[in-house]
There are 2 protein chains.
Amino acid sequence: MSKVARDYVASLRKPDDAETKYFGITELAAACGTTARAIRFYEDKELLTPRRINGGRAYTRRDVVRLSLIQRGKAMGMSLAEVKHILDLYGERGQGKVAQLEYILGRIDESIGELEARRDHIATTLAELKIIRNEMLADMKRKRRKKPAA
Amino acid sequence: MSKVARDYVASLRKPDDAETKYFGITELAAACGTTARAIRFYEDKELLTPRRINGGRAYTRRDVVRLSLIQRGKAMGMSLAEVKHILDLYGERGQGKVAQLEYILGRIDESIGELEARRDHIATTLAELKIIRNEMLADMKRKRRKKPAA
DNA sequence: CCGAATGTTGACCTATACGTCAACCTGACG
DNA sequence: CGTCAGGTTGACGTATAGGTCAACATTCGG
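In this report, the structure presented in the accompanying data block is examined. Computed from a predicted model, the values in this text were never measured in an experiment.

## Brief notes about the protein's contact with DNA strand C
Step number 1: Around DNA strand C there are 16 residues in total, and Thr26 and Arg57 of chain A together with Thr35, Lys74 and Leu80 of chain B lie nearest to it.
Step number 2: Within 4 Å of the protein, the atoms of DNA strand C are drawn from sugar and phosphate moieties in a proportion of 70%.
Step number 3: One nitrogen or oxygen atom from the side chain of Arg40 of chain A is found 3.1 Å from a phosphate oxygen belonging to DNA strand C.
Step number 4: Contact between DNA strand C and Arg57 of chain A: a phosphate oxygen at 2.7 Å from a side-chain N or O atom of the residue.
Step number 5: Going through the elements one at a time, helix 2 (25–32) and strand 2 (56–58) of chain A together with helix 3 (36–44) of chain B are the ones with two or more residues in the surface near DNA strand C.
Step number 6: Among the elements that take part in the surface near DNA strand C, helix 3 of chain B stands out by supplying four residues, more than any other.

## Thoughts on the protein's contact with DNA strand D
Step number 1: Lining the immediate environment of DNA strand D, one finds 17 residues, of which Thr35, Lys74 and Leu80 of chain A together with Thr26 and Arg57 of chain B sit closest.
Step number 2: In the interface set of DNA strand D, defined as its atoms within 4 Å of the protein, sugar plus phosphate atoms amount to 72%.
Step number 3: Tyr42 of chain A places a polar side-chain atom, nitrogen or oxygen, 3.0 Å from a phosphate oxygen of DNA strand D.
Step number 4: Interatomic distance of 3.0 Å between a side-chain N/O atom of Arg52 of chain B and a phosphate oxygen of DNA strand D.
Step number 5: Of all the elements in the fold, those that place two or more residues in the surface near DNA strand D are helix 3 (36–44) of chain A together with helix 2 (25–32) and strand 2 (56–58) of chain B.
Step number 6: Sort the elements by how many residues they give to the surface near DNA strand D and helix 3 of chain A lands first, with four residues.
Step number 7: When its residues are assigned to classes, the surface near DNA strand D shows five nonpolar, seven polar and five charged.

## Some remarks on the relation of the copies chain A and chain B
Step number 1: Once turned by 180 degrees and shifted 0.0 Å along the axis, chain A lies on chain B with an RMSD of 0.1 Å. Both copies are brought into coincidence by an operation consistent with a two-fold rotation axis. By C-alpha distance to the rotation axis, the residue of chain A lying nearest is Gly77 of chain A, at 2.1 Å.
Step number 2: Both copies present the same face, since 100% of the interface residues in chain A are matched by interface residues at the equivalent positions in chain B.

## Some words on the interface of chain A and chain B
Step number 1: With 44 residues of chain A at the contact, the number on the chain B side is 44 residues.
Step number 2: A combined buried area of about 4,600 Å² lies between chain A and chain B, and 73% of that area is made up of carbon and sulfur atoms.
Step number 3: Along the contact surface separating chain A from chain B lie eight salt bridges.
Step number 4: Between Arg133 of chain B and Asp109 of chain A there is a salt bridge, with its nearest N and O atoms 2.6 Å apart.
Step number 5: Across the contact surface, chain A and chain B share 14 residue pairs in polar contact (both at pLDDT 80 or more).
Step number 6: Going through the elements one at a time, helix 4 (61–75), helix 5 (80–92) and helix 6 (98–146) of chain A are the ones with two or more residues in the side of chain A that touches chain B.
Step number 7: It is helix 6 of chain A that provides the largest number of residues to the side of chain A that touches chain B, a total of 31 residues.
Step number 8: Residues that form the side of chain A that touches chain B fall into these classes: 22 nonpolar, eight polar and 14 charged.

Thresholds applied
Residues numbered from 1 in each chain as written. Chains lettered and ligands numbered in written order. Predicted model: local features only at pLDDT ≥ 70, side-chain atom pairs only at ≥ 80, totals over all residues. Heavy atoms only, no water. Near = heavy atom within 4 Å. Polar contact = N/O pair within 3.5 Å; in protein donor to acceptor, adjacent residues only side chain to side chain. Helix = DSSP H or I, 4+ residues; strand = E, 2+ residues; numbered from the N terminus. Nonpolar A, V, L, I, M, F, W, Y, C, P; charged D, E, K, R; others polar. Least-squares fit on C-alpha atoms with pLDDT ≥ 70 in both. Contact = heavy atoms within 4.5 Å. Buried area = accessible area lost by both parts, 1.4 Å probe. Salt bridge = Lys/Arg side-chain N within 4 Å of Asp/Glu carboxyl O.

Written out as structure tokens, the structure is:
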């Protein structure tokens, strides 16, 4: 498992205590290379749910990794709704009854299926582009042989 | 190379002749499982440029595969602008001077890089989800052993 | 106590990717 | 000749993913 996801899953097991360091929205934005506006937007869509201290949002390391997972999802071409799905899958595990676990398992299998389809599409297109690339390289060699100083 | 892309690249070599069968926007939409509105929208964004017959749009097999490529791009999480990029790469090859070929080659390499990054993100997330899946299956087995009739 | 920093909500603006609807044209059929 | 399927453009509406700006609260340093 990647560091970010491992950290996140681990952080779910230990609740926040007095030792927990909280930080503001600007710091979180800087840490993850995004903007405060985007972070508030994600909260609006329930992808992040920080505590409130004096009316201000208070984030922890948990939120850093969660936000990183959001960004990875976006890099995969997922919508925020899809990312929320995946995050819920990370979060809900471990504490359910068997029926709940079976439901979540079904959703995980769905997500896996969709991601595999997406991955296969990408693999196909990548292979095609690489073939085109090689054909072009061959063309260029041929042309350069024909008129080397043109 | 996939059938759809192979067909498209092949179709680029032979121009439309009198034998070419044209068909309307509704047929194209049905053939590709999309809507006429979407197809007109793609034309607006210059992803499709059908001939006009009596004011109406006339499509060929070339457009069918091109539209299929558009849909595959979307399934990969690409924007229409990105898809247009890829389609241009399919289309522009073979007829350029060396300098043009080098430019196009650069763009192909960019696209390949982006797609590889996206593929790697997906691979990582897939691996994580599969681990979670297996942990959950193990949990469920354990719970069922503890209270089999609950 | 004042101001700068940091934060808040709310409202409005933007681009993308279409759906929906209106009003119109146009060729084929009876 | 009417009309009906099939097509056209244009205008407006919708959801997503934010950016931008205004107006206001809070807290810290001097």
